[in-house]
Amino acid sequence: MGRIQDFKGEVNNNNSELNVSDDKLLEFSIWNSNGSIASKEDSCVAENEEYVVVVKGKGLIPTDLLEMLKISGIASLRRIKANCSVAIINKITQQLVLYRGPIGRYPLFWTKSLNKLLWSTYLDDLVTDQAKLSLAYFKRYFITMGYVDSWSETPYENVYRVPRGTAIIFSSFDTDPTILFNDSLQISTEVSNFKEHDVVDGYLHYLNQSLSRHKDGEDSVFQCSGGLDSSSLIVANSLNPTSKDVALTLTFEKYDYCDERENAMKVAEASTIPWYQVLGDKLPFSHHILKEHVPIEPGPDVSFYPWRTPFFEFAKQHGYSNIISGYGADDLLLGNFCFIADLIKSGKIFSAFKQAYGSAQRYKEHGLTVAWFFKSYGLFPLLKIPQKAPYFGAWDPTIHQRYFIPSFVEDTEENQYLLQESLRTIESIRLPSEYSTQLARNMSLTFHTFASVDGIGRTLDIEENYPFLDRELVEFVMSLPNKYLIQGSNRKIITTWALGHKFPKDYSPVQGDFYKLTFESLRTNWNQIVEIVSNSPLCDVGLISRKKAIAFLESWKCGKEVDSTQTLNALLGACIWVENKGVSFG
C-alpha cells in the first residue's frame, strides 16, 4: 500500500492473538472478541466513546463522520455525499457496518471463516494460499461484460464484495450480514429551475471542488488526449494550478491514426501548463503483465494494460504521486436521447419530433431517420417495447438490452436466470424521468478502469483520480435538464458553455481512432491471443466454449463485429487475468 491508502480490519471470535501488523492503528472489542484496524494512513481512523470509524475516499474525513454519527446515528450514512468506503464499529450496540458509495470508486470486501471476520479495501488482503476461483463470479462477469461490482460475488470463493451503493450490517459473529440500506444517486428538482448563468456557475463550482479534492494539494500529471474531457480538466485547473502540474499525452508514431499530440499541445499552451509526451506504440491484449501489477480482479480494461503503464512510469520518474484522468465524462456528460420519451409523455409532440430531427442529422449517413429516433427513443421506451439495434454501432444500453449471454457462453437455464437477475438489478434504478433514469443507470456502471490502474499504482505509490466521478458533481449534472448536455446533434454542451472561452480559438475536439487497434492487434498477435483463450482454465471448467470463443475471435479478426466491443475486451481481460493470477477453480 502507499499512495493508495487501504484499510483492513479483523475480529477474532476465539479471542486468539490478533495478526501482528506494523500498520495496526487501534484495537477494539466487539461480540466479546478482539478486533483491530490497520492502515498505513493514521488519518483514516477516528474513534470516540461510542464509535470506531475508518474511511477511504475523497471528501469525507473520519472526525466529521464521527460528528455526523453523534447527531444522527447510523442513519447519517445516508447523507454522505463523498466518494468513499467506510467501516463503522458501534461499541454500544455491538454492530459492524460496511458502507460503499454509489459511485463505486473505492471497493470494499469481506470474508468470514470459523474464527475470523476480515474486511479490507484491498481484495488480496483476504485471499489465502488455498483460495479458489469462483464459478458464480465468472458466470455473471461474462453476462454483464465485466460490470460486476453491483453484486456481492468476487473472483474468489467465500470472499464477498460490498456492492456499490450499499450498506451491510453484522449484528453478531454467527450470523450473515444483512442489507442496512441501498444508497443510490439522486437528483435535485431545484436545479431544473436555475437560470443558465446559475447552471454554469454551479457546474464550475462542483467541477473545481472535485478537482481540488482529487488533487488534494499535490502537483499532478494530467492525462491529456486532446479530447474535450481531459482538455476541460486542464483548462479548469488553469484557474487554480499547482506549481508543478504537467500535461502528458500518449503519442503514437507507428499508428498515426491514434496520435493526438497537436490538440493536446494547443490546450496545454493555452493553459500555461508544461506539456510532455510519452510513446505508446503498443497494441492491446498483451498477456505480459508484471506480477506486481496484476489487478485484484479481471475487467475489460486489463486488455489495455500497455496504455496505462506509461503514465505511471512517467509520474514515478518525475516524482509525482497523483494522476488526473478525464475518465467518466462520457458517461456523465453525453446525456441520452431518452428525453424524447419525456417530451412525448408531457404532451410536447412537436418538440419531441423536432429533437428527433436534430438527432437524426448526426447519424443520417448510417441511415437512422427522424422516424427511427422518434420511435426508438420516444414511443418504444414509454410502451416498454423491446428493441434490437439496427446495426452494431447503434447499440445503446439506454434503449437496448444492457446485458446478454455472449456468443462464446452456453445459453443455459442458470445463465438465463443470472441474466434476468442482473437486468432486474439495474432496472430497479428509477428516477422521475426516462432521461435521468438512463443517466443514473449509466453512471451506476462506470468503474472498469479502477482495478487496473490501482494494480499499477499500488506498487509505485501513485494514485489515478477521476474528477468527473465525484458524487456531488455527478448528482448536479444528473439534475440538469437535458438541454445542458444534449440538443439534437450537439452533446456535452455544459462544457462548452462553462469553459469554451478558455480553450484555444482554433480548438476542435479530435480523438484518435483507437478502435482500429482492436483489429490490428487481433491480426498481429493472433497466435498469442488464440493461445491465451484456448488454453485458459475458463474453457476447462466450461465457463466459456473453446470452439465458440475461437469462432468469436475469428469473426472479429475478419472485421465482423460480434456481440459488443465490451464483450471482446471482457473475454480477453478475463483470460489474461486468470493466466497471470495463477489461481485455480474449486
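Everything numeric in this text was worked out from a predicted model, so none of it was measured.

What counts, and where the lines are drawn
Residues numbered from 1 in each chain as written. Predicted model: local features only at pLDDT ≥ 70, side-chain atom pairs only at ≥ 80, totals over all residues. Heavy atoms only, no water. 1 Å grid on protein atoms, 1.4 Å probe; cavity = no way out; pocket = protein on both sides within 12 Å on 5 of 7 lines; lining within 4 Å. Points joined across faces, edges and corners; volume = space filled by probe spheres on them. Helix = DSSP H or I, 4+ residues; strand = E, 2+ residues; numbered from the N terminus. Nonpolar A, V, L, I, M, F, W, Y, C, P; charged D, E, K, R; others polar. Expected span 1.5 Å × (residues − 1). Salt bridge = Lys/Arg side-chain N within 4 Å of Asp/Glu carboxyl O. Buried < 20%, exposed > 50% of the residue type's maximum accessible area, 1.4 Å probe, protein only. Phe/Tyr/Trp six-rings, centres within 6.5 Å; stacked < 30°, edge-to-face > 60°. Lys NZ or Arg CZ within 6 Å of the ring centre and 35° of its normal. Pairing = 2+ DSSP bridges. Axes fitted to C-alpha atoms, helices over the stretch in contact; angles between N-to-C directions. Contact = heavy atoms within 4.5 Å.

Caption draft 1: Inspection of empty space enclosed by the protein at higher detail. Applying the stated criterion across every chain, the model contains four cavities of 30 Å³ or more. A per-element tally of the lining of the largest cavity places helix α13 (residues 450–460) first, with four residues. Its residues assigned to classes, the lining of the largest cavity comprises five nonpolar, one polar and seven charged.

Caption draft 2: Representation of helix α19 (residues 546–557) within the structure. Under the 1.5 Å per step criterion, the end-to-end length of α19 is 16 Å for twelve residues, consistent within 8% with the ideal 16 Å. Downstream of α19 by one or two residues, G559 has phi in the positive range, about 90 degrees.

Caption draft 3: Expanded view of the pattern of salt bridges. The tally for this structure, following the rule as stated, stands at 32 salt bridges. The partner of E196 in a salt bridge is K483, with the nearest N and O atoms 4.0 Å apart. Residue E196 is found in helix α3 (residues 196–215), and its partner K483 is found in the loop between α14 (471–479) and β18 (486–487); the two are separated by 287 residues along the sequence. As a salt-bridge pair, R546 and D540 come within 2.8 Å of each other at their nearest N and O atoms. Judged by its relative accessible area of 35%, R546 is partly exposed. The class of D540 is exposed, set by a relative accessible area of 55%. Salt bridges sharing partners connect three or more residues here, namely K81, D183, R471 and E475.

Caption draft 4: Molecular detail of the packing of aromatic side chains. One pass over the structure, following the stated rule, counts 39 aromatic pairs. Aromatic side chains F392 and W556 sit 5.7 Å apart centroid to centroid with 80 degrees between the ring planes, which places their arrangement in the edge-to-face category. Taken together, the residues span a long stretch of sequence, with F392 in the loop between α10 (370–383) and α11 (413–427) and W556 in helix α19 at a distance of 164 residues. On the accessibility criterion, W556 (0% relative accessible area) is buried. Centre to centre, the rings of Y515 and W556 are 6.5 Å apart; their planes meet at 90 degrees, and the pair counts as edge-to-face. Of this pair, Y515 sits in helix α16 (residues 515–524) while W556 sits in helix α19, and the two are 41 residues apart along the sequence. For Y515, a relative accessible area of 29% corresponds to the partly exposed category. Pairwise contacts between aromatic rings join Y137, F138, Y141, F142, Y156, F408, F552, W577 and F585 into one cluster. One cation-aromatic arrangement involves K112 over F173; the distance from NZ or CZ to the ring centre is 5.7 Å.

Caption draft 5: The arrangement of the sheet that holds strand β13 (residues 221–223) in detail. If you trace the five strands from one edge of the open sheet to the other, you get β15-β14-β13-β16-β17, paired in parallel fashion. Looking at strand neighbours, the two that pair on one side only are β15 (275–279) and β17 (463–465), the edges of this open sheet. Neighbour-to-neighbour, the strand axes of the sheet open up by a mean angle of 30 degrees, direction not taken into account. With two bridges joining them, β13 and strand β16 (residues 322–324) adopt parallel strand pairing. Looking across to β16, one finds that V221 is bridged to I323. Sheet strands in contact with helix α6 (residues 305–317) are β13, β14 (246–251), β15, β16 and β17, and its direction is about 145 degrees off that of β14.

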